[in-house]
Amino acid sequence: MRGWGAGAGTGRARGSGRSLQWPRVPVSGPFHCRCPPPPRTHPPPARLLPLPGARRFPPERGSRGNRPGRARRRHGVRGARPGPAAPDDRGLPPVPKMSLWSIVSHMPPEEFSGLFTEFPRSLRCVLADWLENQPWEFVNGSDAFCTSVASGMLSAMLEKLRSAASSNGQQCQILQQVNGIENMYRRDPLRLVSVLRAILDGEKAAVLKRDHHLPLSFHRRQEELKFNMGLQRLQHRVRQIQAQLDGPPASLQEPQLKTEAKASESELSTLILEAVKELEAAKQQVLKRIQIWKRQQQLAGNGAPFEENLAPLQKRCENLVEVHFQLHQQVMGASAELGAELVPRLQERLNEVLSSLVKSSFLVERQPPQVLKTQTKFQASVRFLLGPQLLKALAKPYMVRAEMVTEKQARELALSAYSSTLSESTGEIMHNVVALETNPTSGTCCANFKNVLLKKIKRCERKGSESVTEEKCAVLFSTSVALTTHNLSIHLQVLSLPIVVIVHGNQDNNAKATILWDNAFSEIDRVPFVVAERVPWDKMCDTLNLKFMAEVQTTKGLLKEHYFFLAQKIFNDYSASLEDFQSRSVSWAQFNKEILPGRGFTFWQWFDGVLDLTKRCLKSYWSDRLIIGFISKQYVCKLLSTEPDGTFLLRFSDSEIGGVTIAHVIRGKDGSSQVENIQPFSAKDLSIRSLGDRIRDLGQLRNLYPNTPKDQAFGSHYNKEQTGKDGRGYVSTAIKMTVESERDQHPQSAAGTLPEAPPAPMFNLPMLQPEDLQPVLSPMCPPAPFCPPPVPTGYPTGESSVNMMVTSNLGSSFPRPFMPNQYMTGEASQMLSGGPSPEPRDEEMLELAPLTLMVDPPLQSTQRWLPSMNQPPCSDLDQFLQEMSVEGHPFPPPPQHSGYPSASCWGLGESRWDDSIRPGHA
């Protein structure tokens with residue numbers, strides 16, 4: 001038989017005994033169809049970072065023009081958090097819901113050459129995705145029900161084709177083909193069902209062969225079609241039983257029921273048993289769908305897409321309960337025909353169906369925070385899907401109670417199928433009793449917990465080395481309701497998702513790690529709260545990517561080069577290839593218990609710091625692919641070693657939590673090149689001056705790797721500099737950043753410049769606490785606001801000592817005002833709150849006498865700076881200096897341990913002490 005479609009001229013209808021002449025309908029497109037292009041499944045693969053051994057980072061395609069729709073967000077400012085950027089079923093950015101046809105229509109037609117022997121390909125193009133939204137796959141059998149459904153789908157298809165033909169240029173040709181289809185399949189609609197089922201199966205097989213998966217939306221639609229078809233069959237079965245009980249009526253709307261109603265009474269029990277069996281199967285399908293909803297809700301805690309709407313599930317439950325009531329009445333009405341032994345068993349099975357549906361429809365619609373701090377208010381809500389249908393109208397509403405339970409208590413409740421009651425709460429919750437209210441307008445029954453507060457928590461015994469941030473508990477919501485039918489009272493209980501209770505903010509990071517691991521790797525319908533101790537690395541990559549995109553609110557996820565760096569970091573293996581890591585598994589200890597080699601933090605603590613920094617300050621830079629980020633310092637040196645002077649890239653600090661650094665190439669007069677990494681910027685640094693403005697400030701940065709001019713790459717991220725005077729008449733100021741490297745520190749010998757000061761000896765002073773330095777520095781500091789603020793005690797320090805330069809002619813009195821920030825190294829200076837010493841306002845600047853340059857003799861101090869010039873021999877200053885070991889020769893300050901050149905920012909346009917003045921110079 002020849003194929004139907006553009007290349008087929010005639011076709012013979014099976015069983016007709018005659019040939020049909022089909023007009024040739026011109027078609028077009030990759031699949032010879034006129035159809036809109038399908039939505040893109042994902043953005044083009046970003047080309048960013050080659051694996052080790054490659055030459056360079058290829059430039060990412062695309063021009064840097066204006067980006068409509070991208071809101072610029074000030075760094076360091078937290079705004080209202082929008083919904084997560086939901087990736088699709090492959091972990092990619094969100095896309096429109098895809099149909100099977102949107103993929104098939106753009107595949108080569110040769111792959112489907114054998115499918116269209118009994119159905120024209122041109123009509124397949126006209127039907128498009130309507131065809132896959134019909135239950136062809138689930139019409140199994142040849143009974144009256146299946147025949148009726150097949151006949152209905154044939155009529156709907158013919159109507160769809162005729163409607164499409166009216167708006168098509170080839171209306172006459174299409175209508176001729178439609179008439180041929182009607183003549184061929186009107187007498188045997190089940191034959192049409194099998195033909196179209198075979199076409200859809202062939203299309204699915206071709207897509208699976210190419211992509212290895214089908215669109216997630218296609219699977220969801222097929223599940224809905226399966227349930228709806230099962231429900232229709234069940235309702236048809238109930239009508240058959242009712243017709244059997246009532247006898248043949250005078251007139252029936254459905255001709256099929258007229259003959260089936262004449263069946264003997266011996267077949268009644270068979271019909272009822274089949275109906276109960278189908279009801280149990282439909283119930284299992286609903287319960288499975290509820291479990292999937294719960295699992296999706298848990299994955300949404302890590303950033304996965306989530307269909308929160310419970311209305312379809314509520315409709316399913318209500319339909320099954322309605323069928324249950326009808327079957328229950330029919331069983332009671334046919335008790336004489338069924339017999340005394342069968343009726344109790346049927347009632348028991350029907351009651352089990354109702355009880356399961358009622359208990360499973362009590363859900364936590366809004367979960368409490370999974371990291372919960374004591375003495376902090378939170379909100380939650382539970383919903384009873386069958387409440388509007390089953391609950392009696394009472395003057396006093398039902399009350400829902402919320403109580404804390406441990407993991408052990410949750411496990412005991414689950415093993416008892418939530419039939420037992422809680423003996424003791426593990427925490428004290430305020431405002432934990434709320435009414436279960438029904439809203440007739442929305443058709444919902446909910447209990448909304450507002451301003452709930454966990455006052456205290458009772459810790460349980462922990463296992464082995466388990467910390468408090470690994471201890472999981474949950475909120476148990478419970479109530480007892482009376483149903484309108486059967487006078488049945490049911491105790492409803494439901495557990496929230498696992499919760500980690502903390503008492504201090506510094507526990508938040510480790511608590512989030514516990515929740516992230518549990519959300520990602522727990523199984524459906526598990527024993528609370530069992531989770532795998534070791535998981536495949538590729539699943540961990542998907543979890544990190546999902547979390548990163550959700551937290552940063554970006555559609556640009558992690559790339560395989562990023563995964564390679566993260567694998568090297570978590571496994572501490574720099575010799576394995578990317579393929580080697582794919583077969584490995586990562587343990588919970590490697591994720592957030594074991595300290596990384598040479599560091600003081602775990603893998604998750606470092607990764608969470610990157611998340612927070614990117615979310616707060618670097619979202620737009622990451623979305624524009626200006627930050628490579630996840631790359632090691634060693635590989636950066638190898639990458640930039642052959643690049644021209646001024647080439648730079650951005651990466652996340654490997655040794656500090658929540659830092660981004662600039663690696664750039666500098667070249668000396670001898671032609672040798674060196675890669676320097678600027679001291680990492682924290683979120684606090686970038687809140688003072690943005691990353692784009694800092695890059696603009698540094699003239700030594702020219703091209704973003706590999707060869708993009710920095711103004712072209714970061715121009716849209718520059719902030720406009722204010723000039724002139726503001727509204728109050730003040731001259732505007734600005735902050736600029738400078739970086740001093742060892743190559744830039746050359747002595748000035750040109751004429752007209754200040755002569756060099758004599759070498760000054762150095763005192764290696766131990767690091768003292770601010771309260772120890774205060775009595776020493778207080779008599780020497782100039783009047784406020786020249787005194788620097790105290791050193792913050794919690795700031796992480798990079799060195800164990802502070803090197804200060806002082807002159808060699810130290811006597812009983814200090815020769816000139818002592819300004820610690822002026823002589824500290826760049827890193828030590830940054831340790832002071834706010835960096836360099838705060839500068840005075842214009843109205844507070846002191847009138848200073850002209851300073852005379854003196855080199856050899858010691859400087860004479862003035863009464864303006866030191867309140868007392870004659871210090872007693874046993875003054876605090878002398879005693880402080882005598883306790884220090886003074887070397888007899890000067891030596892340069894030691895290099896910073898971090899290896900970063902220091903960066904400093906100072907204001908322009910104000911009168912100030914210049915930090916660049918060397919000791920001995922004014």
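Cut-offs and rules
Residues numbered from 1 in each chain as written. Predicted model: local features only at pLDDT ≥ 70, side-chain atom pairs only at ≥ 80, totals over all residues. Heavy atoms only, no water. Helix = DSSP H or I, 4+ residues; strand = E, 2+ residues; numbered from the N terminus. Buried < 20%, exposed > 50% of the residue type's maximum accessible area, 1.4 Å probe, protein only. Contact = heavy atoms within 4.5 Å. Areas by Shrake-Rupley, 256 points an atom, 1.4 Å probe, with all protein chains shown as cover. Arc of directions from axis to C-beta. Pairing = 2+ DSSP bridges. Axes fitted to C-alpha atoms, helices over the stretch in contact; angles between N-to-C directions. Patch = residues over 30% accessible without salt bridge, like charges linked within 9 Å, V, L, I, M, F, W, Y side chains within 5 Å. Salt bridge = Lys/Arg side-chain N within 4 Å of Asp/Glu carboxyl O. Parallel < 35°, antiparallel > 145°, perpendicular 65-115°, else oblique. Left-handed = near helix turned anticlockwise from the far one by under 90°. Nonpolar A, V, L, I, M, F, W, Y, C, P; charged D, E, K, R; others polar. Phe/Tyr/Trp six-rings, centres within 6.5 Å; stacked < 30°, edge-to-face > 60°. Lys NZ or Arg CZ within 6 Å of the ring centre and 35° of its normal. Polar contact = N/O pair within 3.5 Å; in protein donor to acceptor, adjacent residues only side chain to side chain.

A. Representation of the overall build of the protein in the model. Helix and strand counts for the protein come out as 28 helices and 23 strands. Out of the 922 residues in the protein, the part that is buried amounts to 46%. Counting contacts in the protein only where the partners sit at least 6 residues apart, residues at least 24 apart contribute 72% of the total. Of the roughly 46,000 Å² that the protein leaves accessible, carbon and sulfur atoms contribute 51%.

B. Seen up close, helix α21 (residues 633-640). The complete set of buried residues in α21 reads Tyr635, Val636, Leu639 and Leu640. Seen from one end, α21 has its buried residues packed into an arc of 125°, which puts them on one side. Exposed residues pointing more than 90 degrees away from the buried face of α21 are listed as Gln634 and Lys638. Buried residues belonging to α21 abut β15 (647-652), β16 (660-667) and β17 (673-677).

C. A look at the sheet that holds strand β18 (residues 703-704). Spatially, 5 strands are ordered β17-β16-β15-β18-β19 in an open sheet, and the strand pairing comes out mixed. Single-partner strands in this sheet number two, and they are β17 and β19 (708-709). Across 5 bridges, β15 lies against β16 in antiparallel orientation. Counted as the bridge partner of Leu649 is Ala663 from β16. Strand contacts of α21: β15, β16 and β17, with the helix running at about 165° to β15, the strand carrying the most contacts.

D. Molecular detail of a nonpolar patch on the surface. A cluster of nonpolar side chains, namely Leu415, Val527 and Val530, defines an oily patch on the protein surface of about 280 Å² accessible area. Note on Val527: relative accessible area 36%, which makes it partly exposed.

E. Region of the structure containing the pairing of β15. Across the 6 residues that make up β15, a large majority, 6, are buried. Side chains of β15 alternate between two faces, with Thr647, Leu649 and Arg651 and Phe648, Leu650 and Phe652 buried alike. Bridging between β15 and β18 involves 2 bridges; their strand directions are parallel. Across the sheet, Thr647 pairs through a bridge with Asn703, a residue of β18.

F. Inspection of the packing of helix α8 (residues 268-300) against helix α11 (residues 342-360) at higher detail. Contact geometry of α8 with α11 gives a least axis separation of 10 Å together with a crossing angle of 20°. One finds that α8 runs roughly parallel with respect to α11. α11 is crossed by α8, and the crossing has left-handed handedness. Contacts between α8 and α11 pair Ser269, Ile272, Leu273, Val276, Lys277, Leu279, Glu280, Lys283, Val286, Leu287 and Ile290 from the former with Leu342, Leu346, Arg349, Leu350, Val353, Ser356, Leu357 and Ser360 from the latter. Its residues placed into classes, the contact of α8 with α11 shows 12 nonpolar, 3 polar and 4 charged.

G. Here's a closer look at the packing of helix α16 (residues 560-571) against helix α19 (residues 603-617). With their axes 10 Å apart at the nearest point, α16 and α19 run at an angle of 145° to one another. Contacts between α16 and α19 involve Phe565, Leu566, Lys569 and Ile570 on the former and, on the latter, Phe603, Trp606 and Phe607. Grouping the constituent residues of the contact of α16 with α19 by class yields 6 nonpolar, no polar and 1 charged.

H. Structural detail: unusual backbone geometry. Residue Phe529 is reached from Pro528 by a cis peptide bond, and omega for that bond is -20°. With respect to the element layout, Phe529 can be found in the loop between α14 (508-521) and β13 (534-536). Residue Pro706 is reached from Tyr705 by a cis peptide bond, and omega for that bond is 5°. Among the structural elements, Pro706 can be located in the loop between β18 and β19. At Asn451, a position not held by glycine, the phi torsion is positive, near 55°. Tracing the backbone shows Asn451 in strand β9 (residues 444-457). Assessed through its relative accessible area of 42%, Asn451 is described here as partly exposed. In the Ramachandran plot, Gln553 falls in the positive-phi region, its phi being about 60° despite a non-glycine side chain. Note that Gln553 resides in the loop between α15 (537-552) and α16.

I. Representation of the packing of aromatic side chains. According to the stated counting rule, one finds 27 aromatic pairs in the structure shown. With centroids separated by 6.2 Å and ring planes inclined at 15°, the aromatic side chains of Phe603 and Phe607 adopt a geometry described as stacked. One end of the pair is Phe603 and the other is Phe607, both in helix α19 and 4 residues apart, which spans about a single turn. In this pair, the class of Phe603 matches that of Phe607, namely buried. Above the ring of Phe571, the side-chain terminus of Arg584 is found at 5.5 Å from the ring centroid. Across the ring face of Phe681, the terminal group of Arg694 is positioned such that the distance to the ring centre comes to 4.8 Å.

J. View of the pattern of salt bridges. Here the structure, examined in full by the defined rule, presents 35 salt bridges. The shortest N-O distance in the salt bridge between Asp612 and Arg616 comes to 3.2 Å. Linking Asp612 with Arg616, this pair stays in helix α19, spanning 4 residues, or about one helical turn. Residue Arg616 is classed as partly exposed on the basis of its relative accessible area of 23%. Residue Asp645 is joined to Arg702 by a salt bridge in which the shortest nitrogen-to-oxygen separation is 3.6 Å.

K. Expanded view of the side chain of Gln297. Note that Gln297 resides in helix α8. By relative accessible area, which is 9% here, Gln297 ends up buried. Looking at Gln297, its side chain comes within polar contact range of the main-chain oxygen of Val364, at 3.0 Å. Setting aside anything within four residues of it in sequence, one finds Gln297 in contact with Phe306, Val364, Glu365, Gln367 and Leu497.

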